[in-house]
Amino acid sequence: MISANNITLRIGKKALFEDVNIKFTEGNCYGLIGANGAGKSTFLKILSGQLEPTNGDIAITPGQRLSFLQQDHFKYDEFTVLDTVIMGNKRLYDIMKEKEAIYMKEDFSDEDGIRASELEAEFADMDGWNAESDAATLLNGLGVPTEDHYTLMADLPGAVKVKVLLAQALFGNPDILLLDEPTNHLDLDAISWLEEFLINFENTVIVVSHDRYFLNKVCTNIADMDYGKIQLYAGNYDFWYESSQLIVRQMKEANKKKEEKIKELQEFIQRFSATSRKRALEKIQLDEIRPSSRKYPYIDFRPEREIGNDVLFVEGISKTIDGVKVLDNISFTVNHDDKIAFVGGNELAKTTMFKILAGELEPDEGSYKWGVTTSQSYFPKDNTAIFDTDELIVDWLTQYSEIKDATYVRGFLGRMLFAGEDGVKKMRVLSGGEKVRVLLSRMMIMGSNVLMFDEPTDHLDMESITALNNGMIKFPGVILFACRDHQVVQTTANRIIEFLPNGSMIDKITTYDEYLESDEMARKRQVYSMSEDDENDN
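This write-up is about the structure you can find in this document. Because the structure is a prediction, the values reported are computed rather than measured.

1. Describing the overall build of the protein chain
Looking only at helices and strands, the protein chain has 19 helices and 20 strands in total. On the principal axes, the C-alpha backbone points of the protein chain span a range of 95 × 85 × 45 Å. Across the 538 residues of the protein chain, 50% fall into the buried class. Across the protein chain, the fraction of contacts at a sequence separation of at least 24, relative to all contacts at a separation of at least 6, is 69%.

Pasting the structure below:
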């Protein structure tokens, strides 16, 4: 067990946490969630002892070992992969190295013999003889091949280093395991293996992740960070989200009833001046709904025109970029009810396909034709050129609106959390998340019946991703999209097109999970990765 007792952390005058008291117990996996900047990663650093709080202390059950996922990918560059993993249990690694040093001595003394036997006993108690095979099992499970186990960390690509550091955190059955964004840069096969590992892990796990699908799979509890406090809830992320929304609705409903009752009593008092009723009126206290510091944008795509049966015909499209054929003879037809996810590790192929369909790029060969009833809105992956202007947000958006009224346009911005004067910000000064919300506002205001999204969840917090996800599910038109968020793909898509490294494609009418289950290699080709903004917002 690990507990935080009266933890306060001040950064300047601002208190990030104030008198936080919480216990994390054996057998549970806690998802630590909170708005961007709430301090999730910071709290993990306090728990692990990497950061000193202003006040309070962390207590761990005596004799228990804590392990955490290292974020420095270069820390172990001079060590082999196996040694790096075993270093997850520092005491065991130190014993191994001290033993080796003693046995290497040419003048082996009696004292050395006594010390060696003490070390051997402790080594055996710690199941040291199985250390290398246990480390190898973890590495193989995460997809690090056996031939890499004796390679120096410095010689490995970044994506493999991430897996080694994760194996290090898991090594030696730690009593308390802290994981900050453990699925980042992992392929889906490795994520699936990690999910199974954590589901069967019998000790304490505390995890921070933007991956809602992962949190739903592994968490038994949610630790919600809000107002500088942490509140515990039973269940996974979806259960927390639905129940928290329900609580707010119920509180609003209760307040509404109280307001009606107060009004009724006030009218009665005015008519009869009844003192007993006056006392009753004093007793009715309106519960203050303390709104969560999180804000959910309202995302609702409403097409102005219903879509016909002929949506899109793509015939034999090929495109070569910098000498590489990224699209090779691609053909598909889009139907009236399709919500198609473009998937696979070939990011350039997906973006190239979107640019061609949006009319921004000419194919080298082949053609495409949109149906006469269609109207398209496109969310580009790279929005640099769009925001390279001194125009105000409200003026820029008005050009896409049929109703040329600033108040009407500001209504859309308000739904997307641009309050008051935010609408007169210049496009150039917006943050990554604000830019995404502006582009989504444009898509809502245009009222198109075909939506194309190229990685819309980059730079978004979990609240905005959830709102976007719900908007995509409800949309009655056609969607073509690429998205890193597993849950968005699984809950939105009814058809999967995977672009392969050689420029060809696989096209199946199926959900994402069914697609991955049916093709083992597909799981290795999909990689979950966050944008840099997401990595830095905890």
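Now that the structure has been shown, the text picks up again.
2. Focus on the sheet that holds strand β10 (residues 229-234)
Spatial ordering of the open sheet is given by β5-β6-β8-β3-β9-β10, a layout of 6 strands whose pairing is mixed. Each edge of the open sheet is held by one strand with a lone partner, namely β5 (66-68) and β10. Geometrically, the sheet is characterised by an average inter-axis angle of 20° between neighbouring strands, direction not taken into account. Sheet topology places β5 next to strand β6 (residues 176-180); 3 bridges connect them, and they run parallel. Considered in β6, the bridge of Ser-67 is made with Leu-177. Helix-sheet contacts for helix α6 (residues 158-170) involve β5 and β6, and the interaxial angle to β6 is about 160°.

3. What about the nonpolar core?
With 98 residues, the main nonpolar core has Leu-179, Phe-301, Leu-440, Phe-453, Phe-481 and Val-489 as its most contacted residues. Once you skip the residues sitting within four places of it in the chain, Phe-453 turns out to touch Phe-301, Phe-354, Phe-379, Leu-440, Met-443, Leu-468, Met-472, Ile-479, Leu-480, Phe-481 and Ala-482. One finds Val-314, Ile-330, Val-334 and Leu-480 within the second-largest nonpolar core, a separate group that totals 26 residues.

4. Looking at the packing of helix α13 (residues 406-415) against helix α14 (residues 432-446)
Where α13 meets α14, the axes come as close as 9 Å, and the angle between the chain directions of the two elements is 125°. Put simply, α13 runs oblique to α14. The two elements α13 and α14 meet at a crossing, and its hand is right-handed. Contacts from Tyr-408, Val-409, Phe-412 and Leu-413 of α13 reach α14 at Ser-441, Met-444 and Ile-445. Classifying every residue of the contact of α13 with α14 gives 6 nonpolar, 1 polar and no charged.

5. Brief notes about unusual backbone geometry
For Asn-6, which is not glycine, the phi torsion reads 55° and is therefore positive. With respect to the element layout, Asn-6 can be found in strand β1 (residues 2-11). Assessed through its relative accessible area of 41%, Asn-6 is described here as partly exposed. The residue Asn-173 is not glycine, and still its phi comes out positive at about 50°. Structurally, Asn-173 can be placed in the loop between α6 and β6.

6. Looking at the sheet that holds strand β12 (residues 324-334)
As summarised here, the arrangement of the 3 strands in space is β12-β11-β14, forming an open sheet in which the pairing is antiparallel. Of all the strands in the sheet, the pair left with one neighbour each is β12 and β14 (365-370). In this sheet, adjacent strand axes meet at a mean angle of 20° when their direction is disregarded. Across 7 bridges, strand β11 (residues 312-321) lies against β12 in antiparallel orientation. For Phe-313, the partnering residue across the bridge sits in β12 and is Thr-333.

7. Side note on the pattern of salt bridges
All told, the structure shown has 27 salt bridges when counted by the stated rule. Across the pair Lys-97 and Glu-100 runs a salt bridge, and its minimum N-O distance is 3.4 Å. Highlighted residues: Lys-97 and Glu-100, both in helix α3 (residues 90-104), separated by 3 residues, approximately one helical turn. Residue Lys-97 is classed as partly exposed on the basis of its relative accessible area, which comes to 29%. Among the ionic contacts, a cluster of salt bridges with common partners joins Asp-83, Lys-97 and Glu-100.

8. A few points about the side chain of Asp-338
Of note, Asp-338 is situated in the loop between β12 and β13 (339-343). Engagement of the side chain of Asp-338 in a polar contact is seen with the side chain of Arg-495, the distance being 2.7 Å.

9. Observations concerning the pairing of strand β2 (residues 14-24)
When a strand is regular, its side chains alternate between the sheet's two faces. Relative to β2, β1 is paired through 7 bridges, and the arrangement is antiparallel. Residue pairing for β2: Arg-10 is matched across the bridge by Ala-15. A loop of 2 residues connects β1 with β2, the two strands running antiparallel in sequence, and Gly-12 in this loop sits at a positive phi of about 65°.

Cut-offs applied
- Residues numbered from 1 in each chain as written.
- Predicted model: local features only at pLDDT ≥ 70, side-chain atom pairs only at ≥ 80, totals over all residues.
- Heavy atoms only, no water.
- Helix = DSSP H or I, 4+ residues; strand = E, 2+ residues; numbered from the N terminus.
- Buried < 20%, exposed > 50% of the residue type's maximum accessible area, 1.4 Å probe, protein only.
- Contact = heavy atoms within 4.5 Å.
- Pairing = 2+ DSSP bridges.
- Axes fitted to C-alpha atoms, helices over the stretch in contact; angles between N-to-C directions.
- Core = buried A, V, L, I, M, F, W, Y, C linked by side-chain atoms within 4.5 Å.
- Parallel < 35°, antiparallel > 145°, perpendicular 65-115°, else oblique.
- Left-handed = near helix turned anticlockwise from the far one by under 90°.
- Nonpolar A, V, L, I, M, F, W, Y, C, P; charged D, E, K, R; others polar.
- Salt bridge = Lys/Arg side-chain N within 4 Å of Asp/Glu carboxyl O.
- Polar contact = N/O pair within 3.5 Å; in protein donor to acceptor, adjacent residues only side chain to side chain.

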